[in-house]
Amino acid sequence: MTDRRGTLWAAILGSGIVFLDSSVLTVALPRIARDLPAHVVGTLEGESYVYNGYLLGESAFLILAGWLTDVHGRRRIFTLGLTAFGVSSLLSGLAPSLEWLIVLRVLQGISGALIVPGSLALVTASFSGEEQGRAFGVWSGASAGVAVLGPMLGGLLVDALSWRAVFLINVPLVLVAVWLTRRYVGEGRVAAPSGSLDLPGTVLTALALAGLSVGAISGQQRGWSSPSAFVALGIGAIATALLPWWMLRARDPLVPPGLFRSRNFTVTNLSTLVIYAALAVTFYYLTLFLQGTLGYSAAAAGVATMPGVLLLALFSSRLGGLSARYGARWLLTLGPILMAVGVLWLCGIPSTSPAWDLRAAAQTFTPPSGYVTSVLPGLLVFGLGGTLMVAPLTATVMRSVPVERAGVASAVNTAISDVGPQLAVAVLFVAMTQNFYGALARDAPGLDVASAAVRHAVAPLNVPGPGVSEQVRRAARDASTGAFRLAMVVAAVLLLAGAVINGAGLRLPSGAPVVRVASADPLWRRCRHVVPESRGAS
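Since this is a predicted model, take the numbers as computed values, not measurements. (Residues numbered from 1 in each chain as written. Predicted model: local features only at pLDDT ≥ 70, side-chain atom pairs only at ≥ 80, totals over all residues. Heavy atoms only, no water.)

Draft legend 1. Inspection of the overall build of the protein chain at higher detail. When helices and strands are tallied, the protein chain shows 18 helices and two strands. Each of the 538 residues in the protein chain was classed as buried or not, and the buried ones make up 58%. Counted over contacts in the protein chain with a minimum sequence separation of 6, partners at least 24 positions apart contribute 84%. In the structure as shown, the protein chain presents an accessible area of about 20900 Å², 68% of it carried by carbon and sulfur atoms. (Helix = DSSP H or I, 4+ residues; strand = E, 2+ residues; numbered from the N terminus. Buried < 20%, exposed > 50% of the residue type's maximum accessible area, 1.4 Å probe, protein only. Contact = heavy atoms within 4.5 Å. Areas by Shrake-Rupley, 256 points an atom, 1.4 Å probe, with all protein chains shown as cover.)

Draft legend 2. Summary view of the packing of helix 14 (residues 328–346) against helix 18 (residues 470–505). Between helix 14 and helix 18, the least distance of the axes is 8 Å, while the angle of their chain directions is 170 degrees. Judged by the inter-axis angle, helix 14 sits roughly antiparallel to helix 18. Packed against helix 14, whose contacting residues are Arg-329, Leu-332, Thr-333, Pro-336, Ile-337, Met-339, Ala-340, Val-343, Leu-344 and Leu-346, the element helix 18 presents Phe-484, Met-488, Ala-491, Ala-492, Leu-495, Leu-496, Ala-499, Asn-502 and Gly-503 at the interface. (Axes fitted to C-alpha atoms, helices over the stretch in contact; angles between N-to-C directions. Parallel < 35°, antiparallel > 145°, perpendicular 65-115°, else oblique.)

Draft legend 3. The side chain of Ser-111, seen in detail. Counting through the fold element by element, Ser-111 comes out in helix 4 (residues 98–126). For Ser-111, a relative accessible area of 4% puts it in the buried group. Within the local environment of Ser-111, its side chain forms a polar contact with the backbone oxygen of Leu-107, the two atoms lying 2.8 Å apart. Those residues in contact with Ser-111 that sit more than four places away from it in its chain are Gly-81, Ala-84, Phe-85 and Ser-88. (Polar contact = N/O pair within 3.5 Å; in protein donor to acceptor, adjacent residues only side chain to side chain.)

Draft legend 4. Spotlight on the packing of helix 10 (residues 263–292) against helix 18. For the pair helix 10 and helix 18, interaxial distance at closest approach is 9 Å and the crossing angle is 165 degrees. Taken as axis vectors, helix 10 and helix 18 run roughly antiparallel relative to one another. For the crossing formed where helix 10 meets helix 18, the hand is left-handed. By residue class, the composition of the contact of helix 10 with helix 18 is 19 nonpolar, eight polar and one charged. (Left-handed = near helix turned anticlockwise from the far one by under 90°. Nonpolar A, V, L, I, M, F, W, Y, C, P; charged D, E, K, R; others polar.)

Draft legend 5. Region of the structure containing a nonpolar patch on the surface. A contiguous nonpolar patch, built from Leu-199, Val-203, Leu-207, Val-231 and Ile-235 and spanning about 410 Å² of accessible area, is present on the exposed surface. At the level of secondary structure, the elements contributing two or more residues to the nonpolar patch comprise helix 8 (199–221) and helix 9 (227–249). It is helix 8 that provides the largest number of residues to the nonpolar patch, a total of three residues. Assignment of secondary structure puts Leu-199 in helix 8. The class for Leu-199 is partly exposed, based on a relative accessible area of 49%. (Patch = residues over 30% accessible without salt bridge, like charges linked within 9 Å, V, L, I, M, F, W, Y side chains within 5 Å. Salt bridge = Lys/Arg side-chain N within 4 Å of Asp/Glu carboxyl O.)

Draft legend 6. Structural context of the environment of Asp-357. Turning to its location among the elements, Asp-357 is positioned in the loop between helix 14 and helix 15 (369–399). The spatial distance from the C-alpha of Asp-357 to the C-alpha of Pro-368 is 9.4 Å, given a sequence separation of 11 residues.

Draft legend 7. Inspection of the packing of aromatic side chains at higher detail. If you walk through the whole model with that rule in mind, you get nine aromatic pairs. Judged by centre distance (4.8 Å) and plane angle (70 degrees), the rings of Tyr-284 and Tyr-285 are edge-to-face. For the pair Tyr-284 and Tyr-285, a shared accessibility class is recorded, and that class is buried. Aromatic side chains Phe-436 and Tyr-437 sit 4.9 Å apart centroid to centroid with 85 degrees between the ring planes, which places their arrangement in the edge-to-face category. Neither Phe-436 nor Tyr-437 differs from the other in exposure class; each is buried. (Phe/Tyr/Trp six-rings, centres within 6.5 Å; stacked < 30°, edge-to-face > 60°.)

Draft legend 8. Spatial organisation of unusual backbone geometry. A positive phi is found at Leu-461, a non-glycine position, where the angle reads about 60 degrees. For Leu-461, a relative accessible area of 0% translates into the label buried.

Draft legend 9. Summary view of the nonpolar core. Ranked by size, the top nonpolar core spans 91 residues in total, and within it Ile-32, Tyr-285, Leu-440, Phe-484 and Met-488 carry the most contacts. Per-element tally for this core: the top contributor is helix 10, with 16 residues. By size, the runner-up hydrophobic cluster in this structure holds 17 residues, among which are Phe-19, Ile-115, Leu-122 and Leu-180. (Core = buried A, V, L, I, M, F, W, Y, C linked by side-chain atoms within 4.5 Å.)

Draft legend 10. Focus on the side chain of Ser-351. Locating Ser-351 in the fold gives a position in the loop between helix 14 and helix 15. By relative accessible area, Ser-351 is classed as buried at 14%. Of note is the side chain of Ser-351, whose polar atom sits 2.9 Å from the side chain of Asp-478. Beyond its immediate sequence surroundings of up to four residues, Ser-351 is in contact with Leu-294, Arg-477, Asp-478 and Thr-481.

Here is the structure:
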């Protein structure tokens, strides 16, 4: 194996581990919450923290990790990220409680942030010209394959072995990636450091996201009786207020304010915030609802959500040429509208929809009729809208800034795509929990829904614990369905807001060059790569 080919496989394997771990998590969450003891957090609260913890670590350190990669060497930071990811994955697989897993997920996110910028940097530095295009094609195809197959493979691991296998399988893959990196990858760094490390900006970003998310979720879980929730919200609010002040005064800010002088950059990042929040809300709560309320197995939930992602992976980059004929602005308006229609279709899933117990036995492979009529059409329409949107959105972001700022612009946009899900899941946790326990109190008279014991045994979008009466189980199923519908309505509103922002805010010149996005799947923006393309190219 040549050094360049070894470098390519190291980059593919390294980033693939990060993408795979992210793609299978929501499939494993219900089993994690069921098996792990929780001493401080509630069931849905813990699931939210496990999901948000990774995004928090990654979004807070992603831009900083890109700087470290350029300054201290691609191979060094890439290897450090792989090692840290392997250790945090091993510890996650051995986590004794839900609280420990939350902490380890934050560490996984920080480790992933160290891996991802170096992955593309290694390929960029090792290939040039036509060979570079082919290398990125292979890398993007592998990433899209992980996005499509990850949830199904993760579901099979959870059902056949344990949710712990989702984390432990990373360890041997990390060892192979580290060996490839040490054997074939050459060191590389910029000639001189480009600015200084913005540690205060990084800390303020982490405090803002963590304070607001944890404060909102913790406060609602405990009926707003815990002072710690208000302390967390206060810290988050103060950090959020200080962040723009610091960015305007820092010598080398984490996020250069000058980027936002571009109208199109500001508009596309604002629409990215709401659209990716809607994406996270849709798939996060849909997966929980299918398993915790309707009784789908983990593998079935993984397969059930594949159709929309499959459309994105197969056709997104091929339909990128439509922006040349019809304009990116219209595609960025029509795409989110179609996605909103698909999400609203999911609101029609009845609480009595049958379960899908997809396992090794051949007779269980066929999905129930409820999936075909209530879930599949919505996901297909959703996937069609995403297929129209993803390539023009990324291309517009990259066209809106000078070429020399493309790297930081991409990192900023990726970080924003991580921020939206964290805030949306936190805010929706408050609304859904309130909705769920209000409906439960109405349908199960005499049940003290404010007590900690009841909230531990009966949580939104989760299977009630042992000892819960059949009447309460039926009421919880109906209440979870209502809470899920609320989440889908909010996701649809966010998508429509994104469509309005793009339609009213973008100003795209008619002669603007077309940009092709090699990476197809918007759920994994971290694996994208853009190359300029002439208007007449296919």
